[in-house]
Structures are given as structure tokens and as C-alpha cells.
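Chains, contacts and geometry: an overview
Listed below, chain by chain, are the residues.
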Amino acid sequence: MQIRVDLHVHTQYSYDSLITPEDLVFYAKKSGLGGVAITDHDRLDGALKIAKKTDFAIIPGIEISSLNGHIIGLNLQEPIPKGLSVEETVDRIHKAGGIAIACHPTALLKGSLGKHANSKFDAIEVINSSAFPFSYSVRKNQQIASRLGIAHVAGTDAHYGPEIGYAYTYINSEMEIDAIIKAISKGLCEPFGKSIPTILRLKREFLVLKRKF
Ligand SMILES: [Zn+2]
Ligand SMILES: [Zn+2]
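As a starting point, this report considers the structure included with it. Predicted model only: the values in this text are computed from it and were never measured. (Residues numbered from 1 in each chain as written. Chains lettered and ligands numbered in written order. Predicted model: local features only at pLDDT ≥ 70, side-chain atom pairs only at ≥ 80, totals over all residues. Heavy atoms only, no water.)

Below, the discussion takes up the coordination of the zinc ion (ligand 1). Reference values for coordination geometry: four tetrahedral donors around a metal ideally subtend 109.5 degrees, six octahedral donors ideally subtend 90 or 180 degrees. Around the zinc ion (ligand 1), the protein contributes the donor atoms Glu63 (OE), His70 (ND1) and His104 (NE2), which lie 1.9 to 2.2 Å from the metal centre. Read in sequence order, the donor residues for the zinc ion (ligand 1) give the motif E-x6-H-x33-H. Between the zinc ion (ligand 1) and the zinc ion (ligand 2), a spacing of 3.7 Å is present, and a bridge between the two is formed by Glu63. In terms of burial, Glu63 and His70 fall into one category: buried. (Donors = N, O, S within 2.8 Å, 3.2 Å for Na, K, Ca; no water. Buried < 20%, exposed > 50% of the residue type's maximum accessible area, 1.4 Å probe, protein only.)

Set out below in C-alpha cells:
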């Protein structure tokens, strides 16, 4: 069977996200997703907590700030520390039984890996709905993933509920976390999606700012 999963969503456990656990499930269901990976910045506790509380399929993940750019680890039970080299970060993810995704490797202003995306990764995030410039980054990411011969995936990098669903990964798998992870590492998946509209991005920026004052 084919399922749709957004592999990159930030909840309010990320300092810069507005998404509550209720928002997450509401918007994911509304967009017809079968599951969502929670990938908060350098913390896993929120993802584990939310996964336990809901029946909706949640893949516990983390977006790690490595020395040379952001790396997503999926299917983890323990956080991976930030500030390590790319090599060590990926090794630690694998040792912990997870998979490593080079997220938005060519996006500007995002702490991207650039040339540090290598074949030790399990997947390249070809489509990231928040990436700028969008079309350029998708084209470049496709080239990287094809050259490395690893899986192509997609995620929204959503920080605001209505952003969920603009991108997703089609995965040939049962709706079960281990099966999903295995399917991605075998490349049995395909990225789909588009850019988050500017009006939504602005609305989110406004709401995040408003929260600060
Ligand atoms: Zn990032
Ligand atoms: Zn992110």
C-alpha cells in the first residue's frame, strides 16, 4: 500500500513553531496524511510525548544542528547532541537505530549542509516546502540525491498548522513505523509537493512575532 507522510514538522517544542499537538493531528488529517514525523530543533522529548498521547501515526524525530548544517534523524528514542561533525551525527543516528536525512541541503538562510550531504545519509530531502529559493533548491537537491543514489523524500518544515500538507512523501509501506523507516532506507518512496504560499509564510511570521510581545 502507499501512504503519505510529512517527514518534517516542528511543534511548539521548537522555539520557533506555533504547532500544538492538537493542530498537528487536525491539519495532518485534514490534508489526508497517514502519518507525520515530528522533527523539533535539537530536542526529542516533545515528539516522544505527543507520539504516546495520540493514535495518529507519529514518527519520533529530531532536527540536529550539526557543525556543518541541519540533519534530521528519524525513529529515535534518545536525542542526538548538537554541535557534532556531520560524520559523527550520522553515525550516532544509525547506531541508535534511526535513519539520517540531509534536510534542505541547498536552501539559503537555513543552516544547510551543502557539499556535506554524502552517501552515508539514507535520504535527501528533495522537496522542503519552506525552502528558499524553492524551485532552484528542488532541482539542486534532485541532482544530489540522484548522484548519491539514495532515497528522495519531502517534508513541509511546517512551523504553523495550515502549512502542513504542502509536501509529503509517498511511501510503499504499511502504516507502521518500522516498516515506514525500512521502506525509506530502501528508497521505496517518492517526494511530492510545493512551496508554502507567501501569504501563509507572512501570517506565520506575524503570529510568531506577536507571541514574543
Ligand atoms: Zn533546518
Ligand atoms: Zn526544520
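Anyway, onward from the coordinates.
The next subject is the packing of aromatic side chains. On inspection of all chains with the given rule, the structure shows four aromatic pairs. Where Tyr168 meets Phe192, the ring centres are 6.2 Å apart and the plane angle is 20°; that geometry is what we call stacked. With Tyr168 in strand 8 (residues 167-172) and Phe192 in strand 9 (residues 189-193), the pair connects residues that are 24 residues apart, well separated along the chain. Put simply, the rings of Tyr168, Tyr170 and Phe192 touch in pairs and so form one group of aromatic residues. Between Arg4 and the ring centre of Tyr168, over which it is positioned, the NZ or CZ distance is 4.5 Å. (Phe/Tyr/Trp six-rings, centres within 6.5 Å; stacked < 30°, edge-to-face > 60°. Helix = DSSP H or I, 4+ residues; strand = E, 2+ residues; numbered from the N terminus. Lys NZ or Arg CZ within 6 Å of the ring centre and 35° of its normal.)

So, about the sheet that holds strand 6 (residues 123-128). Taken in spatial order, the nine strands of this open sheet run 7-6-5-4-3-2-1-8-9, and their pairing is mixed. The outermost strands of the open sheet, each flanked by one partner alone, are strand 7 (151-155) and strand 9. Adjacent strand axes in the sheet meet at a mean angle of 30°, parallel and antiparallel pairs treated alike. Pairing between strand 8 and strand 9: five bridges, direction antiparallel. By the bridge assignment, Ile171 is partnered in strand 9 with Cys189. Contacting strand 3 (57-66), strand 4 (69-74) and strand 5 (99-102), helix 3 (residues 86-95) crosses the sheet at an angle of about 5° to strand 4. In the packing of helix 4 (residues 134-148) onto the sheet, contacts are made with strand 6, strand 7 and strand 9, and the angle to strand 6 comes to roughly 160°. (Pairing = 2+ DSSP bridges. Axes fitted to C-alpha atoms, helices over the stretch in contact; angles between N-to-C directions. Contact = heavy atoms within 4.5 Å.)

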